[in-house]
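Residues per chain are reported as follows:
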Amino acid sequence: METREPSTETGLETPQDAATEPMPEVEAAFEEIEVDAPRVGIIMGSKNDKPKLQPAGEALHEAGIHYEVRLMSAHRDPEKVRDYCHAARMRGLQVIIAGAGMSAALPGVAAAHTDLPVIGVPILGKSLGGLDALLSAVQMPPGVPVACVAVDGAKNAGLLAIRIINA
Ligand code: RP5
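Each value, and the rule that gives it
- Throughout this document, residue positions are counted from 1 along each chain, in the order its sequence is written.
- Local features in a predicted model are, by the rule used here, given only for residues with pLDDT of at least 70; side-chain atom pairs are given and counted only at 80 or more, and totals for whole chains, interfaces and linings are based on all residues.
- With hydrogens and water set aside, each side-chain value is computed from the structure's full complement of heavy atoms.
- Being near a molecule or strand, for a residue, means having at least one of its heavy atoms within 4 Å of it.
- Under this definition, polar contacts are N or O atom pairs within 3.5 Å; protein pairs additionally need one hydrogen-donor-capable and one acceptor-capable atom, and for neighbouring residues in sequence, both atoms have to be side-chain atoms.
- The Shrake-Rupley method, run with a 1.4 Å probe, gives the accessible areas here. Residue values count only the displayed protein chains as cover.
- Throughout this entry, Asp, Glu, Lys and Arg are counted as charged residues, while Ala, Val, Leu, Ile, Met, Phe, Trp, Tyr, Cys and Pro are counted as nonpolar. The remaining residues, Gly among them, count as polar.
- For helices the rule is a DSSP run of H or I covering at least 4 residues; for strands it is a run of E covering at least 2, with both sets numbered from the N terminus onward.
- Exposure categories follow from relative accessible area, calculated using a 1.4 Å probe and restricted to protein chains: below 20% of the type maximum is buried, above 50% is exposed, and the middle band is partly exposed.
- Residue-level confidence of the predictor, termed pLDDT, takes values from 0 up to 100.
- A contact between two residues is defined here by any heavy atoms of the two lying within 4.5 Å.

Enquirer: Talk me through the site of the ligand; I want residue IDs and the actual numbers.
Expert: Around the ligand lies a shell formed by G45, S46, N48, D49, H75, R76, A100, G101 and A104. The separation between an oxygen atom of the ligand and a polar main-chain atom of G101 is 3.0 Å. Against a free-state accessible area of 360 Å², the protein chains account for coverage of 74% of the ligand. Here the shell around the ligand is composed, by residue class, of two nonpolar, five polar and two charged.

Enquirer: Lay out unusual backbone geometry with the relevant residues and their values.
Expert: For M102, which is not a glycine, the phi torsion comes out positive at approximately 55 degrees. With respect to the secondary-structure elements, M102 resides in the loop between β3 (95-101) and α5 (106-112). On the basis of relative accessible area, M102 is assigned to the exposed category, the value being 56%. Positioned with a positive phi, L128 is a non-glycine residue whose angle comes to about 65 degrees. With respect to the element layout, L128 can be found in the loop between β4 (118-123) and α6 (131-138). Residue L128 is classed as exposed on the basis of its relative accessible area, which comes to 62%.

Enquirer: Please set out the confidence of the model for the protein chain residue by residue, giving values where relevant.
Expert: Low-confidence regions, as indicated by low pLDDT, have predicted coordinates that should not be scrutinised in detail. Per-residue confidence for the protein chain gives a mean pLDDT of 89, with 82% of residues at or over 70. Contacts for the low-pLDDT stretch residues 1-13, under 50 throughout, to residues beyond four places or in other chains number eight contacts.

Enquirer: Can you break down the side chain of T114 residue by residue, with the values?
Expert: When you line up the elements, T114 lands in the loop between α5 and β4. Judged by its relative accessible area of 13%, T114 falls in the buried class. A distance of 3.1 Å separates a polar side-chain atom of T114 from the backbone nitrogen of L116. Not counting residues up to four positions away in its chain, the partners in contact with T114 are C85 and I96.

Below, the structure written as structure tokens:
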């Protein structure tokens, strides 16, 4: 029968003791991960959308809320959008801000793949005054909700995300 020597490092006699031993360094490391983990994901359909989404990031930064920015298009990278949104809650995200121009559908597609709140930012394109993007976000059919801010209204998307997180 196997006998277990007390560990010279910890002085513990059994694995059970080791499991309940306080590990302040490990706990501190986990707290750090928790604090630094992004709570908002800002996604956009094109790199050309980035300047339009910038005010959302600025609002979050001012509120001290960590966020990440990812480029993914509902029609060019549908699998990437699906995988990102499926993993979002597990990764600690609490809100997704999705910006897209034309009728690119990124906010609605994101909302279809997560139960986190999704805030759509319709981006002004070259035609229709942004109405195409506005309708693709705001006119989502019942069952898959997308909150929608004004055309090019990324600042309010950031502020709304803060309110959702603090609710
Ligand atoms: C959408 O199509 C993007 O969100 C962008 O606003 C629009 C046009 O895309 P680009 O031609 O600028 O890449 O997917």
